[in-house]
Amino acid sequence: MRMVTLPEVLEALDEDAALAAVESGFRRYSAGQVQVAAVGHLAFADPPGDCHIKSAHLAGDDVFVVKLATSFYRNPEHGLSSSNGFMAVISARTGEILALLHDQGQLTDRRTAMAGAIAARAIARPGSATLGVVGAGIQARLQARLIARLLGLRSVLIWARNEDRAAALAADVGGEAVGLPELCARADVIVTTTPSTAPLLTADMVRPGHRIVAIGADGPGKQELETAILGRARIVVDSRAQCLDHGEAGWAVRAGLVDPASLIELGTLLETPIAFAAEEIVVADLTGVAVQDAEIAKVVWRGLQRAPSPGK
């Protein structure tokens, strides 16, 4: 088994290749070509945090991937990253562990940002110019940069409950820190990136034509959007099963506001794009699918195989 440190992981990661691989992974997932295990969740109250365990195998691959990722939200107060974890690359022929990628959560963070950008590009209205980012953590920073770059958006607005962190992120990405109602009034595309367990965006903040990428509801009990928003929207989900269990869509379905049959999987949308009407509200509900982990880990594994072994 090869133990791979974070610097080695990042050196082997081709981000353009990973972005294409994650998009392909969504297509194959919705086409029924991917095995994913049930997601494992652990939640912690004091200090607040969570742990996710995910695994996937794409049909025909020589390897499969098991990922453990943690998020402990007060870590930055102690000079630590809120993210940590690892990915194991395992032979699908013998079951041997080939590599342990000690990515410290960075591959999970990056594949999540890639999914947000892929979804935003799939649902955005032509002519969109302004991105609104709800949150000021690691994922907010990654989403702000990647979505703005991929969609060619000219301005970025930031809101977070911690005004100092919002201002710092705005300065970092060349954006502007604003209040949440103002962000919703001005943004064409909104991405929500918090671990909130109570809605932040309310129905009265959302106008016709808004496109929302909801990232935060990746575990039981989390919710960033008022359910009434979903009741007015077309809903795209990364995984129908996962989003019904613990995503934004699940809250709206359980409230009787949304027919589960109406949910559109992201992989299906990528394969057969929809020209959403300009005035439609479209929400992409992303809970994080293990195929994303498998695809980004495979990109790193291929990069490691091409690179000379340590010490040579």
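Look up: the structure comes first, before these words.
Rules and cut-offs
Residues numbered from 1 in each chain as written. Predicted model: local features only at pLDDT ≥ 70, side-chain atom pairs only at ≥ 80, totals over all residues. Heavy atoms only, no water. 1 Å grid on protein atoms, 1.4 Å probe; cavity = no way out; pocket = protein on both sides within 12 Å on 5 of 7 lines; lining within 4 Å. Points joined across faces, edges and corners; volume = space filled by probe spheres on them. Helix = DSSP H or I, 4+ residues; strand = E, 2+ residues; numbered from the N terminus. Core = buried A, V, L, I, M, F, W, Y, C linked by side-chain atoms within 4.5 Å. Buried < 20%, exposed > 50% of the residue type's maximum accessible area, 1.4 Å probe, protein only. Contact = heavy atoms within 4.5 Å. Phe/Tyr/Trp six-rings, centres within 6.5 Å; stacked < 30°, edge-to-face > 60°. Lys NZ or Arg CZ within 6 Å of the ring centre and 35° of its normal. Axes fitted to C-alpha atoms, helices over the stretch in contact; angles between N-to-C directions. Parallel < 35°, antiparallel > 145°, perpendicular 65-115°, else oblique. Left-handed = near helix turned anticlockwise from the far one by under 90°. Nonpolar A, V, L, I, M, F, W, Y, C, P; charged D, E, K, R; others polar. Expected span 1.5 Å × (residues − 1).

Quick look at the layout of surface pockets now. The calculated volume of the second largest pocket comes to roughly 390 Å³. Elements with a minimum of two residues in the lining of the second largest pocket: α2 (15-30), β6 (83-91), α3 (106-123) and α4 (138-151).

On to the nonpolar core. Core analysis: the largest hydrophobic core is formed by 69 residues, its most contacted members being Leu-101, Val-236 and Leu-266. Those residues within four positions of Val-236 in sequence are excluded, and the remaining contacts are Ile-123, Ile-264, Glu-265, Leu-266, Leu-269, Phe-276, Val-282, Val-283, Ala-284 and Asp-285. Formed by 28 residues, the second largest nonpolar core is a distinct cluster that contains Cys-184, Val-206, Val-237 and Val-258.

Another aspect to go through is unusual backbone geometry. As a rule of thumb, non-glycine residues mostly have phi less than zero, and peptide bonds are mostly trans rather than cis. Cis rather than trans, the peptide bond between Asp-46 and Pro-47 has omega equal to 0°. A positive phi is found at Gln-104, a non-glycine position, where the angle reads about 55°. With respect to the helices and strands, the residue Gln-104 is situated in the loop between β7 (97-101) and α3. Given the relative accessible area of 34%, Gln-104 is considered partly exposed.

If you walk through the whole model with that rule in mind, you get one aromatic pair. Between the NZ or CZ atom of Arg-254 and the centre of the ring of Trp-251, over which it lies, the distance is 5.1 Å.

The packing of two helices is summarised by the inter-axis angle and the distance between the axes. Contact pair α4 / helix α5 (residues 163-173): the axes reach a minimum separation of 11 Å and the direction vectors enclose 30°. The orientation of α4 relative to α5 falls into the category roughly parallel. Between α4 and α5 lies a crossing of right-handed hand. On α5, the residues that touch Ala-140, Arg-141, Ala-144 and Arg-145 of α4 are Leu-169, Asp-172 and Val-173. Looking at the contact of α4 with α5 residue by residue, the classes come out as four nonpolar, no polar and three charged.

In this model α4 runs 20 Å from its N-terminal to its C-terminal C-alpha over 14 residues, within 8% of the 20 Å that 1.5 Å per residue would give. Contacts from the buried residues of α4 go to α2, α3, β8 (130-134), β9 (155-159), α5 and β11 (189-192). One or two residues past the end of α4 sits Gly-152, with phi positive at roughly 65°.

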